[in-house]
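One letter stands for each residue in the lines below.
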Amino acid sequence: MYLNSSKKIVIKIGSSLLINDKKIIRKKWLSEFSRDIKQLLDEKKNVIIVSSGAIALGCKKLNLNKKNLKLDKSQAVASIGQIELMNLFKKTFSSKKINLSQILLTLEDTEKRRRAINAKRTFDNLFKLGFVPIVNENDSIATTEIKYGDNDRLASRVAQISGADCLILLSDVDGLYTKNPKISKDAKLIKEIKNIDQEIEKIATKSIGEYGTGGMKTKIDAAKVCQTSGCVMAIANGLSVRPIKKIIDQNICTWFLPKISKLDARKKWIISSISPKGELIVDDGAINALKKGKSLLAAGIKKINGNFYKGDHIKILDINMKEYARGLSSFTSDEISKIKGQHSNKINELLGYISKSEVVHKDDMVEI
Ligand code: GLU
């Protein structure tokens with residue numbers, strides 16, 4: 001089963017799971033859900049929760065109707081509701097001794113390479129510290145043009161940038177059916193989808209939508225992102241008690257299988273920028289370290305060609321100018337000029353500010 005073999009899992013929960021249409025918070029459900037998360041953590045998996053509900057909870061607090069909200073007001077409402085949302089999580093999850101953190105993202109954070117790299121590092125560090133990040137869109141700041149708009153697509157981007165193996169979209173439907181199950185008795189749940197063809201798109205547009213912003217269309221969009229990121233994705237019903245356990249035990253859901261491996265997806269992402277912006281020529285010691293899977297440090301850098309920014313795609317060459325790898329630089333070319341050949345513990349002093357120690361992190365590098 002895909003969940004069992006996944007190490008890094010993103011779980012998206014929609015507003016309708018947290019708050020019902022009578023505006024009652026589903027505390028019992030969240031408490032059962034926290035048991036699911038606890039189980040995954042006990043199995044040494046890294047978990048990210050993408051949770052909607054800021055606007056719904058803000059509306060509840062202010063006694064407003066979500067449907068009539070104008071954008072500027074909804075931004076204020078989200079700001080009020082987000083703290084309610086986190087309070088709800090904190091209260092519920094602390095009884096299971098699960099440590100939580102909050103990350104609010106805007107579209108640029110996943111679309112701009114440099115910011116995506118930063119976000120990935122933050123996720124990695126939170127895992128190391130034993131915390132479960134809860135992600136939502138930064139609804140108080142984002143405007144229509146710069147918005148994911150729904151948490152299905154946000155969750156797929158989070159899965160992509162964090163390098164997750166599996167994304168579960170918990171909704172109020174079991175998955176994708178061949179026909180609308182509310183109308184057709186012979187509707188069948190599609191268990192696995194390898195290829196999102198026209199037929200699937202057609203079913204998705206016609207299928208019943210959930211109460212939240214998304215519906216099936218955004219879930220299919222999310223699946224497309226996952227397919228090219230090496231991440232399996234499931235649409236599953238979250239309404240039951242312990243929905244994750246139910247997926248593991250009964251597998252009632254629709255799985256979307258990736259088209260490429262996670263490693264290939266990462267490699268593609270690293271070298272997908274138009275063309276390399278510069279070159280770093282490094283000594284034999286550095287090449288040997290890279291061969292052992294280490295990051296590139298300043299000490300081994302002999303020469304820099306080109307002008308580039310942080311996050312730019314660069315070539316790493318040996319002293320005979322033979323290309324060894326491609327990677328994303330964690331420093332600008334100007335900064336590297338100041339620190340090249342120096343020990344990492346000198347970097348902060350040389351630059352005059354606190355910085356990273358790897359010039360190209362091992363996760364941001366591919367051998368050629
Ligand atoms: N980010 C929104 C919220 O927290 C929800 C978006 C969605 O429902 O997909 O209220």
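A few points on the structure. (Residues numbered from 1 in each chain as written. Predicted model: local features only at pLDDT ≥ 70, side-chain atom pairs only at ≥ 80, totals over all residues. Heavy atoms only, no water.)

From N to C terminus, the protein includes 15 helices and 15 strands. Here the C-alpha atoms of the protein give a radius of gyration of 23 Å, agreeing with the 21 Å that 2.2 N^0.38 yields for 368 residues. Burial status across the protein gives 52% buried among its 368 residues. Restricting to contacts in the protein with at least 6 residues of sequence separation, those with at least 24 account for 72%. As displayed, the protein has an accessible area near 17,800 Å², and 52% of this comes from carbon and sulfur atoms. Across the protein, the mean location of the 66 positive side-chain charges is 4 Å away from that of the 41 negative side-chain charges. (Helix = DSSP H or I, 4+ residues; strand = E, 2+ residues; numbered from the N terminus. Rg over C-alpha atoms; globule rule 2.2 N^0.38 Å. Buried < 20%, exposed > 50% of the residue type's maximum accessible area, 1.4 Å probe, protein only. Contact = heavy atoms within 4.5 Å. Areas by Shrake-Rupley, 256 points an atom, 1.4 Å probe, with all protein chains shown as cover. Lys, Arg positive; Asp, Glu negative; His and termini not counted. Charge placed at Lys NZ, Arg CZ, Asp CG, Glu CD.)

For the rest of this paragraph, the subject is the packing of helix 7 (residues 113–128) against helix 12 (residues 262–270). Interaxial distance between helix 7 and helix 12 falls to 12 Å at its minimum, and their mutual angle equals 140 degrees. Between helix 7 and helix 12, the interaxial angle falls into the category oblique. Of the residues in helix 12, those in contact with Arg113, Ala116, Ile117 and Lys120 of helix 7 are Arg266, Trp269 and Ile270. Of the residues contributing to the contact of helix 7 with helix 12, the split by class is 4 nonpolar, no polar and 3 charged. (Axes fitted to C-alpha atoms, helices over the stretch in contact; angles between N-to-C directions. Parallel < 35°, antiparallel > 145°, perpendicular 65-115°, else oblique. Nonpolar A, V, L, I, M, F, W, Y, C, P; charged D, E, K, R; others polar.)

Here we come to the environment of cysteine 166. Of note, cysteine 166 is situated in strand 5 (residues 166–171). Assessed through its relative accessible area of 0%, cysteine 166 is described here as buried. Residues within four places of cysteine 166 in sequence aside, it is in contact with Leu3, Ser6, Lys8, Ile9, Val10, Cys231, Val232 and Trp255.

With that settled, the discussion passes to the side chain of aspartate 36. Structurally, aspartate 36 is set in helix 3 (residues 27–42). Looking at aspartate 36, the relative accessible area reads 2%, which means it is buried. Engagement of the side chain of aspartate 36 in a polar contact is seen with the side chain of arginine 242, the distance being 2.8 Å. Reaching out from aspartate 36, the side chain makes a polar contact with the backbone nitrogen of lysine 245 at a distance of 3.3 Å. The residues contacting aspartate 36, other than those within four sequence positions of it, are Arg242, Pro243, Ile244 and Lys245. (Polar contact = N/O pair within 3.5 Å; in protein donor to acceptor, adjacent residues only side chain to side chain.)

Quick look at the state of the cysteines now. Applying the stated criterion across every chain yields a total of 0 disulfides. Cysteine cysteine 231 is unpaired, with the sulfur of cysteine 226 as its nearest cysteine sulfur at 4.1 Å. For cysteine 253, which is in no disulfide, the shortest distance to another cysteine sulfur is to cysteine 166 and amounts to 8.9 Å. (Disulfide = S-S within 2.5 Å.)

To continue, consider the pattern of salt bridges. As a working rule, side chains carrying opposite charge can pair if their charged atoms are close by. A complete count under the given rule lists 26 salt bridges for this structure. Among the salt bridges present, the one from lysine 120 reaches aspartate 124, with a minimum N-O distance of 3.0 Å. Highlighted residues: lysine 120 and aspartate 124, both in helix 7, separated by 4 residues, approximately one helical turn. For the residue pair lysine 120 and aspartate 124, the accessibility class agrees, reading buried in each case. (Salt bridge = Lys/Arg side-chain N within 4 Å of Asp/Glu carboxyl O.)

On to the environment of lysine 112. You can see lysine 112 is positioned in the loop between helix 6 (107–111) and helix 7. On the basis of relative accessibility, which here comes to 45%, the residue lysine 112 falls in the partly exposed class. Considered as a pair, lysine 112 and cysteine 59 are 53 residues apart in the sequence and their alpha carbons are 32 Å apart.

With that settled, the discussion passes to the sheet that holds strand 12 (residues 313–317). If you walk across this open sheet you meet the 5 strands as 11-9-12-13-15, and the pairing is mixed. A single partner strand is all that each edge strand has here, and the edge strands are strand 11 (301–305) and strand 15 (365–367). The average angle at which neighbouring strand axes cross in this sheet is 25 degrees, direction not considered. Here strand 9 (residues 278–282) runs beside strand 11; their pairing, made up of 4 bridges, is antiparallel. Directly across from valine 282, in strand 11, lies its bridge partner isoleucine 301. (Pairing = 2+ DSSP bridges.)

Side chains of Lys23, Lys27, Lys60 and Lys91 sit close together on the surface and give a patch of like positive charge. Within the secondary structure, lysine 23 sits in the loop between helix 2 (15–18) and helix 3. Judged by its relative accessible area of 31%, lysine 23 falls in the partly exposed class. (Patch = residues over 30% accessible without salt bridge, like charges linked within 9 Å, V, L, I, M, F, W, Y side chains within 5 Å.)

Before going further, it helps to examine helix 7. Its 16 residues place the ends of helix 7 23 Å apart at the C-alpha level, agreeing with the 22 Å of an ideal helix rising 1.5 Å per residue. Taken together, the buried positions of helix 7 are occupied by Arg113, Ala116, Ile117, Ala119, Lys120, Arg121, Phe123, Asp124, Leu126 and Phe127. Where helix 7 terminates, the next one or two residues include glycine 130, which has phi positive at roughly 80 degrees. (Expected span 1.5 Å × (residues − 1).)

Here we come to the nonpolar core. Of all hydrophobic cores here, the largest spans 37 residues; its most connected members are Val135, Val158, Leu167, Leu176 and Met233. Looking at this core, the elements with two or more residues in it are strand 2 (46–51), strand 3 (99–105), helix 7, helix 8 (151–162), strand 5, helix 9 (198–206), helix 10 (216–227) and strand 7 (232–237). Leucine 167 has contacts with Val10, Ala155, Ser156, Ala159, Cys226, Cys231, Val232, Met233 and Ala234, leaving out every residue within four places of it along the chain. One finds Leu30, Phe89, Ile98 and Val132 within the second-largest nonpolar core, a separate group that totals 36 residues. (Core = buried A, V, L, I, M, F, W, Y, C linked by side-chain atoms within 4.5 Å.)

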